[in-house]
Each structure stands twice: as structure tokens, then as C-alpha cells.
Amino acid sequence: MLKRRIVDIAQWTPFSELHVIFEVCGRADELIEQAFADFGIEEDGRPIPVECNFIPEPVHPALEVADFVLHAVAALAPCH
């Protein structure tokens, strides 16, 4: 679902490369690597470089805010 959402956003956002950043989580890191190993995006048949990276716990104030918002929204989202 995350890959589809990234592609959806990419359709409306001009860019020349894509960086997807994940917070390090020992339990999920390998699963994330497997899920994104074959992830790629093309524009008019031209591949756009995609790089997935892991960072430790948020070390920048803006990432702390983003983390808080993500958890707040997730807590309010209805379960399906």
C-alpha cells in the first residue's frame, strides 16, 4: 500500500530522484528491505533513481514533529 501511495503522490509532484526514509526498527527492517528491493518508478519509460534508507530514532526536530503527527493520525484513523 505504501508503494502505491508513493507512486500516486509522484504522479503530481515533479522530481528527478526519490529517497524513501524509514526509521530503524529491528523487527521490521528486513521486511522493509524485502518489500522495497524491487521498487522503482519510471516517467515516460525513463527510470527515476529510487533510494531507500534507514535512519535511527528521529534526531531532527522536524522529524520528531512528523513522528508525532503520524502517530496521532494513526490513533484517530478507523480500523478496517
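These remarks concern the structure in this document. Counting restarts for each chain: residues are numbered from 1 in the order of the written sequence. Thresholds applied to this predicted model are a pLDDT of at least 70 for local features of residues and 80 or more for the giving and counting of side-chain atom pairs; totals over whole chains, interfaces and linings are not thresholded and use all residues. Computation of side-chain values covers all heavy atoms of the structure but excludes hydrogens and water.

### Describing the overall build of the protein chain
For helices the rule is a DSSP run of H or I covering at least 4 residues; for strands it is a run of E covering at least 2, with both sets numbered from the N terminus onward. Scanning the protein chain from terminus to terminus reveals three helices and four strands. Ordered by position from N to C terminus, the α and β elements of the protein chain give α-β-α-β-β-β-α. For the protein chain, the spread of C-alpha atoms along the three principal axes comes to 40 × 30 × 25 Å. For the protein chain, the residues scored as buried account for 15% of the 80 residues in total. Whether a residue is buried, partly exposed or exposed follows from its accessible area with a 1.4 Å probe, protein chains only, as a fraction of its type maximum: under 20%, in between, or over 50%, in that order.

### Things to note about a nonpolar patch on the surface
The grouping of Val 65, Phe 68, Val 69 and Val 73 at the surface amounts to a nonpolar patch, some 400 Å² of accessible area in total. With respect to the helices, strands and loops of the structure, Val 69 is situated in helix α3 (residues 61-76). Take Val 69: its relative accessible area is 42%, and that puts it in the partly exposed class. Patches were defined on residues exceeding 30% relative accessible area and lacking a salt bridge, with like-charge contacts within 9 Å and nonpolar side-chain contacts (Val, Leu, Ile, Met, Phe, Trp, Tyr) within 5 Å. Computed by Shrake-Rupley with a 1.4 Å probe, the accessible areas treat only the displayed protein chains as cover when residues are assessed. Whenever a carboxyl oxygen of Asp or Glu lies within 4 Å of a side-chain nitrogen of Lys or Arg, that contact is scored as a salt bridge.

### Quick look at the packing of aromatic side chains
For this analysis, a ring pair means two rings from Phe, Tyr or Trp (six-membered ring only for Trp) whose centres lie within 6.5 Å, classed as stacked if their planes differ by under 30 degrees, edge-to-face if by over 60, and tilted for the remaining angles. For the coordinates displayed, the defined rule picks out three aromatic pairs. Where Phe 36 meets Phe 39, the ring centres are 5.4 Å apart and the plane angle is 80°; that geometry is what we call edge-to-face. Judged by relative accessible area, Phe 36 falls into the buried class, the value being 11%. Clustering of aromatic rings is evident, with ring pairs tying together Phe 22, Phe 36, Phe 39 and Phe 54.

### So, the nonpolar core
Counting ten residues, the largest nonpolar core is built from Ile 6, Ala 10, Leu 18, Val 20, Phe 22, Ile 32, Phe 36, Phe 39, Ile 41 and Ile 48. Among the elements of the structure, α1 (2-10), β1 (18-23) and α2 (29-36) are those that each provide at least two residues to this core. Among the elements that line this core, the one with the most residues is β1, at three residues. Note on contacts: a residue pair qualifies if any of its non-hydrogen atoms lie within 4.5 Å across the two residues. Non-local contacts of Phe 39, meaning those with residues more than four positions away in its chain, are made with Lys 3, Ile 6, Val 7, Leu 18 and Val 50. Residues belong to a common nonpolar core when they are buried Ala, Val, Leu, Ile, Met, Phe, Trp, Tyr or Cys residues joined through side-chain atoms within 4.5 Å.

### Focus on unusual backbone geometry
A positive phi angle, close to 55°, is found at Asp 44, a residue other than glycine. Examined against the element boundaries, Asp 44 turns out to sit in the loop between β2 (41-43) and β3 (46-48). Of the residues examined, Asp 44 reaches a relative accessible area of 82% and is grouped as exposed.

### Some words on the pairing of β1
The alternating pattern of β1 places Leu 18, Val 20 and Phe 22 on a buried face, while none of His 19, Ile 21 and Glu 23, on the opposite face, is buried. In terms of strand pairing, β1 meets strand β4 (residues 50-55) through six bridges, oriented parallel. If you follow Phe 22 over to β4, its bridge partner there is Phe 54. Note: two strands are recorded as paired if DSSP finds a minimum of 2 bridges between them.

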